[in-house]
Every structure is written in C-alpha cells, then in structure tokens.
Amino acid sequence: MVWSEKYETGNKQVDDEHKQLFSLVQKVIDQSFNTRIEKIETAINFLAEYTVAHFKHEEELMDESGYPGTVVHKKQHSDFLTEVVKMKDKILREGDCLDNSLLINKTVSKWLTGHVIGSDLAMAAHYRQWSVEHKK
C-alpha cells in the first residue's frame, strides 16, 4: 500500500500513524505472498496491536471534541478488528496460500483506504474546527 497526500487528515499524529499502518499492511501483504506462516502470524499480530493503539488515539480525539459520528466510527473500528481476527484464524487454520494472501490484500487495503478517506478525514476536520474554537 502506498501512502498518498489524499489520505492526509491534517493531524500530524494521526497521519504519522496512518503512514505506519499503510507500511505494516504492505509488510503483511508482502509476507503473505513470500514467507512462512509464522512470519505472517507475527506481522498480523503486530498490525492488530498497532491498529488497536491507533484506534484508541482516534477515539480519544473523537471523545474529546464531541465528534457527532463517534458511535459509527467506533463501530467501524470494532468491526475491522473482528475481521482481522477472522483473517488471522483462517490463515492459521488453512496455512499460507494464495487465497489467503489475496484476502488480506483485498480486505485490509480496501478497508483502510476507504476508512481513512471516508471516516477519518471527516473526524479530523471536526477535530480541527473544534480545536480552533477551543484554542487547542
């Protein structure tokens, strides 16, 4: 996955975390095509842990600013983490195969880019406006 300016939210910490997520997703994709199942499991575990920390940070910004889309946004986060766990379980059950590599690529890449553009940009715009109004 390649980072692009179109994904920038204007919040440095969120953007830095997103860049790291894009990099981690690419690493998982690369490893799912090229390495053993143990390395894929390690990469997916690290991606999930990093994602949880990133989502926590975003959710703190939403709570702090009274973001009106908080409930929906948090559900998107929860649903994605559920999908990551399902993918990990499927890969461990079935082993390293092309279908699983394509599943990771399609599911994670599509969700992350769609979520950043569709939800995170809106949340960040709200937070910026709230920050200006509250002189943060």
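It should be noted that the structure appears before, not after, this text.
Below, the structure is looked at part by part. Keep in mind that this is a model prediction, so the values were computed, not measured.

Cut-offs applied
Residues numbered from 1 in each chain as written. Predicted model: local features only at pLDDT ≥ 70, side-chain atom pairs only at ≥ 80, totals over all residues. Heavy atoms only, no water. Helix = DSSP H or I, 4+ residues; strand = E, 2+ residues; numbered from the N terminus. Rg over C-alpha atoms; globule rule 2.2 N^0.38 Å. Buried < 20%, exposed > 50% of the residue type's maximum accessible area, 1.4 Å probe, protein only. Contact = heavy atoms within 4.5 Å. Areas by Shrake-Rupley, 256 points an atom, 1.4 Å probe, with all protein chains shown as cover. Core = buried A, V, L, I, M, F, W, Y, C linked by side-chain atoms within 4.5 Å. Polar contact = N/O pair within 3.5 Å; in protein donor to acceptor, adjacent residues only side chain to side chain.

## Looking at the overall build of the chain
Within the chain, the secondary structure is distributed over four helices and zero strands. When its helices and strands are written in sequence order, the chain yields α-α-α-α. Against the globule reference of 14 Å for 136 residues, the chain gives a C-alpha radius of gyration of 16 Å, in line with a compact fold. The C-alpha extent of the chain, read off along each of the three principal axes, is 50 × 25 × 20 Å. Among the 136 residues that make up the chain, the fraction classed as buried is 39%. The contacts of the chain with a sequence gap of at least 6 include a subset with a gap of at least 24, amounting to 71%. Carbon and sulfur atoms provide 56% of the accessible area of the chain, an area that totals close to 7,600 Å².

## Examining the nonpolar core
Counting 21 residues, the largest nonpolar core has Val25, Ile44, Leu47, Ile104, Val108 and Leu112 as the members making the most contacts within it. Listing elements by their share of this core, those giving two or more residues are helix 1 (12–34), helix 2 (37–65), helix 3 (70–94) and helix 4 (98–133). Of all the elements, helix 1 adds the most residues to this core, at six residues. The contact partners of Val25, leaving out residues within four places of it in the chain, are Met1, Leu47, Val108, Ser109 and Leu112. Core analysis: the next-biggest nonpolar cluster, separate from the first, contains seven residues, Val14, Leu61, Tyr127 and Trp130 among them.

## Re the side chain of His73
Position of His73 among the secondary structure elements: in helix 3. A polar contact is formed between the side chain of His73 and the side chain of His115, at a distance of 3.2 Å. Here His73 is in contact with Glu58, Met62, Tyr67, His115, Ser119, Asp120 and Met123, once residues within four sequence places are set aside.

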